[in-house]
Amino acid sequence: MANIFISPSKYVQGAGEMQQLGKYAHTFGRKALVLLSENGYQRNGKQIEASLAGAGVAASFVYFHGECCMTEINRLTQNVQADGAEMVIGVGGGKIFDTAKAVAYYAKVPVLICPTIASTDAPCSALSVIYSDEGVFERYLFLPANPNLVLMDTDILAASPLRLTIAGMGDALATYFEARACAASGATTCAGGKVSQAALALAKLCFDTLMNEGIKAKHALSAHVCTPAVEKIFEANTLLSGIGFESGGLAGAHALHNGLTVLEECHAMYHGEKVAFGTLTQLILEDVPKEELDAIAVWCVELGLPVTLRELGLENVTKEKLMAVAEAACAETDTMGNMPVEVNPHKVYAALLAADAYGRSLVGM
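Structure report, in brief. A quick note: this is a predicted structure, and the numbers were derived from the prediction, not measured.

### Some details on the overall build of the protein chain
For step 1, the next point in the chain: Helix and strand counts for the protein chain stand at 13 helices and eight strands.
For step 2, the next point in the chain: In terms of overall size, the protein chain behaves like a compact globule, its C-alpha atoms giving a radius of gyration of 20 Å where 365 residues would be expected to give roughly 21 Å.
For step 3, the next point in the chain: The buried share among the 365 residues of the protein chain stands at 58%.
For step 4, the next point in the chain: Taken as a whole, the protein chain presents about 14100 Å² of accessible surface, with 52% of it coming from carbon and sulfur.
For step 5, the next point in the chain: For the protein chain, the distance from the average site of its 25 positive side-chain charges to the average site of its 38 negative ones is 3 Å.

Here you go:
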């Protein structure tokens, strides 16, 4: 099987770049369906509308109903077709992006992604994570191409809630460890091939950036400023992690995230927060050296990422519930099988409890 590397056609990151959206959109047509939340429209809608109108692109704004599910995707696909839209523009966060990508795929039009938060690596990928109407993970929808444009306005990103950027670091944390696992096991990546040297190198750069710049970026953002460390973290959370996970592959951390979605108690937690705990659990499954586990766990604590089940909303969780998580994480349709060690639900259950005990020893719970 070949090594395969994929990426978005164009990635743009800089201050004030949302004002240039019309210039980029004009390349793809003269009519756009813009998918965003109602709050997103209140924050950025007028700016987007003015930019598109200034470039001669008519826009139909449609509010997202909150879940990347087939009910929502079908509704919006019908809107695109009825409006004669020539492109879909997704503005906001991860589930909006995944929905916009799926809608553009089914409607056979280009898709432009404009994050207003840096909370996941969804913007760059040729992948949509499909959930049930109730928010339970169902499947991955692999798309034939990555987004045509990813546009990151750092002024908007820096003004977003700090917790969201930290959650993005939790999501990006898994990138290198999952790519390393896939390289070791010879797994097929989300791109449909083996791990390339380029993907593994970008995944490692993502990890190094998180370790070197993450704490600095947290403090800068808490002071409501955008520094070079913040700029690097935005790129790591989005571009480096996006390319790294897709061409490097997914393994235990994201399978564990998907398993946690079966518990309603976890639904209030962000994707990256669950992935961060999944990363610790994956490292315990791999039995990595204590020094490596310590470095990752301490970094998570410094950032405020969850390292215990209680921090994920699972207080006094039962064995039955944790086994349900473990069994879902080990589903044949998920990515736990990409691990370089033998894994089964009983081992995952044990690793979840071990990760929780390890985390509690650090935070004094």
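We are not done yet, so read on.
### With respect to the packing of aromatic side chains
For step 1, the next point in the chain: Inspection of the entire model under this criterion finds nine aromatic pairs.
For step 2, the next point in the chain: The rings of Y131, F137, Y140 and F142 are connected pair by pair, giving a single aromatic cluster.
For step 3, the next point in the chain: The side chain of K204 reaches across the aromatic face of Y176, ending 5.9 Å from its centre.

### Details of unusual backbone geometry
For step 1, the next point in the chain: Even without a glycine there, the phi angle at H224 is positive, about 65°.
For step 2, the next point in the chain: With relative accessibility at 68%, the residue H224 sits in the exposed group.

### Notes on the pairing of strand β5 (residues 111-115)
For step 1, the next point in the chain: Burial analysis of β5 places five of its five residues in the buried class, the great majority of the element.
For step 2, the next point in the chain: Every second residue of β5 is oriented toward a common face, with V111, I113 and P115 on one face and L112 and C114 on the other, all of them buried.
For step 3, the next point in the chain: Pairing geometry for strand β4 (residues 87-92) and β5, over five bridges, is parallel. Pairing of G92 across the sheet is with P115, part of β5.
For step 4, the next point in the chain: As judged from the two bridges shared by β5 and strand β8 (residues 149-153), these two strands associate in the parallel manner.

### Some words on the nonpolar core
For step 1, the next point in the chain: Core analysis: the biggest nonpolar cluster contains 67 residues, and V80, V88, L173, L210, F234, I296 and W299 have the highest contact counts within it.
For step 2, the next point in the chain: Every residue in contact with V88, bar those within four places of it in the chain, is listed here: L33, V80, A100, V103, A104, V109, P110, V111 and L112.
For step 3, the next point in the chain: The next biggest cluster of nonpolar side chains, apart from the first, holds 25 residues, and it includes A251, A255, F277 and Y349.

### As for the pattern of salt bridges
For step 1, the next point in the chain: In this structure the tally under the stated criterion is twelve salt bridges.
For step 2, the next point in the chain: Linking R180 and E292 is a salt bridge whose minimum nitrogen-to-oxygen distance equals 3.0 Å. With R180 in helix α6 (residues 162-185) and E292 in helix α11 (residues 290-303), this pair connects stretches of sequence that are 112 residues apart.
For step 3, the next point in the chain: Given the relative accessible area of 25%, R180 is considered partly exposed.

### Focus on the sheet that holds strand β1 (residues 11-14)
Note: strands within a sheet are paired through backbone hydrogen bonds, in either parallel or antiparallel orientation.
For step 1, the next point in the chain: Read from one edge of the open sheet, six strands run β1-β8-β5-β4-β2-β3, paired in parallel fashion. The two strands at the open ends of the sheet, each matched to only one other strand, are β1 and β3 (58-63). The mean inter-strand angle of the sheet, taken between neighbouring strand axes irrespective of direction, is 15°.
For step 2, the next point in the chain: Seen against the sheet, helix α4 (residues 94-107) touches β2 (31-36), β4 and β5 and runs at an angle of roughly 175° to β4.
For step 3, the next point in the chain: This element, helix α8 (residues 228-248), spans β1 and β8 of the sheet and lies at about 155° to β1.

### Re the packing of helix α10 (residues 271-286) against helix α13 (residues 345-363)
For step 1, the next point in the chain: The geometry of α10 relative to α13 is characterised by a closest axis approach of 9 Å and an angle of 115° between their N-to-C directions. Here α13 runs roughly perpendicular to α10, going by the angle between their axes. Taken as a pair, α10 and α13 cross one another with a handedness that is right-handed. Taken together, the residues of α13 that come into contact with α10 (itself represented by F277, T281, I284 and L285) are K347, V348, A351, L352, A354, A355 and D356.
For step 2, the next point in the chain: Looking at the contact of α10 with α13 residue by residue, the class counts come to eight nonpolar, one polar and two charged.

### Some remarks on helix α3 (residues 70-83)
For step 1, the next point in the chain: Here α3 spans 20 Å end to end across 14 residues, near enough to the 20 Å set by a 1.5 Å rise per residue.
For step 2, the next point in the chain: Regarding α3, the residues found buried are E72, I73, L76, T77 and V80. Angularly, the buried residues of α3 cover 130° about the axis, an arc narrow enough to put them on a single face. The exposed residues of α3 that point more than 90 degrees off its buried face are Q78, Q81 and A82.
For step 3, the next point in the chain: Looking at the buried residues of α3, the elements they touch are β2, β3, β4, α4 and β6 (127-131).

### Quick look at α8
Every α-helical turn comprises 3.6 residues, leaving residues that sit three or four positions apart pointing alike.
For step 1, the next point in the chain: Along its 21 residues, α8 runs just 26 Å from first to last C-alpha, ending more than 12% under the 30 Å computed at 1.5 Å per residue.
For step 2, the next point in the chain: The principal kink in α8, of about 40°, is found at A236.
For step 3, the next point in the chain: The buried fraction of α8 amounts to 17 of the 21 residues, a majority that puts the element mostly inside the structure.

### A word on the layout of surface pockets
For step 1, the next point in the chain: Computed from the structure, the largest pocket encloses a volume of approximately 1100 Å³.
For step 2, the next point in the chain: Residue assignment for the lining of the largest pocket shows that the elements contributing at least two residues are α2 (38-54), β4, α4, β6, α6, α9 (252-260) and α10.
For step 3, the next point in the chain: If one sorts the elements of the lining of the largest pocket by residue count, α4 sits on top with five residues.
For step 4, the next point in the chain: Each residue belonging to the lining of the largest pocket can be placed in one class, and the counts come to 19 nonpolar, 22 polar and nine charged.
For step 5, the next point in the chain: Of the volumes computed, that of the second largest pocket is approximately 210 Å³.
For step 6, the next point in the chain: Forming the walls of the second largest pocket are 16 residues, and the residues nearest its centre are V109, V111, A145, N146 and N148.
For step 7, the next point in the chain: If one sorts the elements of the lining of the second largest pocket by residue count, α4 sits on top with three residues.
For step 8, the next point in the chain: Looking at side-chain class alone, the lining of the second largest pocket contains ten nonpolar, five polar and one charged residues.

Rules of the game
Residues numbered from 1 in each chain as written. Predicted model: local features only at pLDDT ≥ 70, side-chain atom pairs only at ≥ 80, totals over all residues. Heavy atoms only, no water. Helix = DSSP H or I, 4+ residues; strand = E, 2+ residues; numbered from the N terminus. Rg over C-alpha atoms; globule rule 2.2 N^0.38 Å. Buried < 20%, exposed > 50% of the residue type's maximum accessible area, 1.4 Å probe, protein only. Areas by Shrake-Rupley, 256 points an atom, 1.4 Å probe, with all protein chains shown as cover. Lys, Arg positive; Asp, Glu negative; His and termini not counted. Charge placed at Lys NZ, Arg CZ, Asp CG, Glu CD. Phe/Tyr/Trp six-rings, centres within 6.5 Å; stacked < 30°, edge-to-face > 60°. Lys NZ or Arg CZ within 6 Å of the ring centre and 35° of its normal. Pairing = 2+ DSSP bridges. Core = buried A, V, L, I, M, F, W, Y, C linked by side-chain atoms within 4.5 Å. Contact = heavy atoms within 4.5 Å. Salt bridge = Lys/Arg side-chain N within 4 Å of Asp/Glu carboxyl O. Axes fitted to C-alpha atoms, helices over the stretch in contact; angles between N-to-C directions. Parallel < 35°, antiparallel > 145°, perpendicular 65-115°, else oblique. Left-handed = near helix turned anticlockwise from the far one by under 90°. Nonpolar A, V, L, I, M, F, W, Y, C, P; charged D, E, K, R; others polar. Expected span 1.5 Å × (residues − 1). Arc of directions from axis to C-beta. Bend = angle between axes of the 7 residues up to and from the residue. 1 Å grid on protein atoms, 1.4 Å probe; cavity = no way out; pocket = protein on both sides within 12 Å on 5 of 7 lines; lining within 4 Å. Points joined across faces, edges and corners; volume = space filled by probe spheres on them.

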